[in-house]
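One-letter residues, chain by chain:
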Amino acid sequence: MSDDFKLTLSERRGTVSVVRVEGRLDARTAPRLIEYHAAARIGTGHLMLVLADVTFLSSSGVGALLVLAERLKADGGSLRLVSPSTAVRAPLELLNLHRFLSIDDSEDDALAAIGA
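Residues numbered from 1 in each chain as written. Predicted model: local features only at pLDDT ≥ 70, side-chain atom pairs only at ≥ 80, totals over all residues. Heavy atoms only, no water.

**Here we look at helix α2 (residues 59-74)**
Given 3.6 residues per turn, any residue in an α-helix points the same way as the ones three and four places further on. How we decide: Comment: elements are numbered from the N terminus, with helices defined as DSSP H or I runs of at least four residues and strands as E runs of at least two. What a helix should span is 1.5 Å times the count of its residues minus one. Between buried and exposed lies partly exposed: a residue is buried under 20% and exposed over 50% of the maximum accessible area for its type, with that area taken using a 1.4 Å probe on protein chains only. Our arc is simply the arc of the directions from the helix axis toward the C-beta atoms.
Along its 16 residues, α2 runs 22 Å from first to last C-alpha, staying within 8% of the 22 Å computed at 1.5 Å per residue. Those residues of α2 that sit buried are G61, V62, A64, L65, L68, A69 and L72. Projection of α2 onto a plane perpendicular to its axis shows the buried side chains occupying an angular sector of 160 degrees, all on one side. Summarising the geometry of α2, the exposed residues directed more than 90 degrees from the buried face are S59, E70 and A74.

Next up, the structure:
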């Protein structure tokens, strides 16, 4: 299987960091998302993960999203999942996690929700 997983910090808007995620978010790549968050020093403030190009979301990927949401909340920030692909939205809805994770259809919607 090819390693097509990619994380890109596309911009920072004050306390908001926008990270684009591409490829499979699974047991192999989920730890990379958590490590990237720590290495990029996004620990404080708000993190917007643009998930339009995520092709698969496993239980490990879901776990990574929940870990990030809890860490950011503990630091006074928030996690916003932006433009999730069907591969992301379907499992989150199936598990009823869309009630606990903040999901926005666009970056503008996420920024408005954050108040940025």
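**So, the nonpolar core**
We count it as follows: By convention a nonpolar core is built from buried Ala, Val, Leu, Ile, Met, Phe, Trp, Tyr and Cys residues, the set being connected through side-chain atoms within 4.5 Å. Contact definition: two residues touch when any of their heavy atoms are within 4.5 Å.
Of all hydrophobic cores here, the largest spans 25 residues; its most connected members are V21, L25, L33, L49, L79, L81 and L92. Contributing elements (two or more residues each) for this core: β2 (16-25), α1 (30-39), β3 (46-57), α2, β4 (78-82) and α3 (86-94). Residues within four places of L81 in sequence aside, it is in contact with L49, L51, L65, L92, L101, S102, I103 and D104. Of all hydrophobic cores here, the second largest spans eight residues; its members include V16, V18, M48 and L111.

**Re the side chain of D104**
With respect to the helices and strands, the residue D104 is situated in strand β5 (residues 102-104). Residue D104 is classed as buried on the basis of its relative accessible area of 8%. Not counting chain neighbours up to four residues away, the residues in contact with D104 comprise R80, L81, V82, S83, P84, D109, A110 and A113.

**Focus: the packing of α1 against α2**
Threshold: To get an axis, fit a line to the C-alpha atoms, keeping to the stretch in contact for a helix; angles then go from 0 to 180 degrees between the N-to-C directions. We call two directions roughly parallel when the angle between them is under 35 degrees, roughly antiparallel when it is over 145, roughly perpendicular when it lies between 65 and 115, and oblique otherwise. In this scheme, a crossing is called left-handed if the near helix is turned counterclockwise away from the far one by less than a right angle; it is called right-handed if the turn is clockwise. Residues are grouped as follows: Ala, Val, Leu, Ile, Met, Phe, Trp, Tyr, Cys and Pro are nonpolar; Asp, Glu, Lys and Arg are charged; every other residue, Gly included, is polar.
Running from amino to carboxyl end, α1 crosses α2 at an angle of 20 degrees, the nearest separation of the two axes being 8 Å. Accordingly, the angle class assigned to the pair α1 and α2 is roughly parallel. Helix-helix and strand crossings are classified by hand; for α1 and α2 the assignment is right-handed. Each of A30, L33, I34 and H37 in α1 lies in contact with α2, whose residues at this interface are S60, G61, A64, L65, V67, L68, R71 and L72. The residue inventory of the contact of α1 with α2, partitioned by class, reads eight nonpolar, three polar and one charged.

**Re the packing of aromatic side chains**
To keep things clear, this is the line we draw: The pairing test for Phe, Tyr and Trp rings, Trp by its six-membered ring, is centres within 6.5 Å, and the orientation test on the planes gives stacked under 30 degrees, edge-to-face over 60, and tilted for anything in between. In this analysis the charged atom, NZ for Lys or CZ for Arg, is taken to sit over a ring once it is within 6 Å of the ring centre and within 35 degrees of the ring normal.
In this structure the tally under the stated criterion is zero aromatic pairs. Seen from the ring of F56, R24 lies directly overhead, with NZ or CZ sitting 4.2 Å from the centre.

**Overview of the pattern of salt bridges**
What counts is decided by this rule: Any carboxyl oxygen of Asp or Glu that lies within 4 Å of a side-chain nitrogen of Lys or Arg is treated as forming a salt bridge with it.
If you walk through the whole model with that rule in mind, you get seven salt bridges. With its nearest N and O atoms 2.7 Å apart, the salt bridge here joins R80 to D104. Taken together, the residues R80 in strand β4 and D104 in strand β5 connect sequence positions 24 residues apart. No difference in accessibility class separates R80 from D104, as the two residues are buried. Each of E11, R13, R20 and E107 takes part in one network of salt bridges that share partners.

Such coordinate-based values are descriptive only and should not be taken to indicate function.
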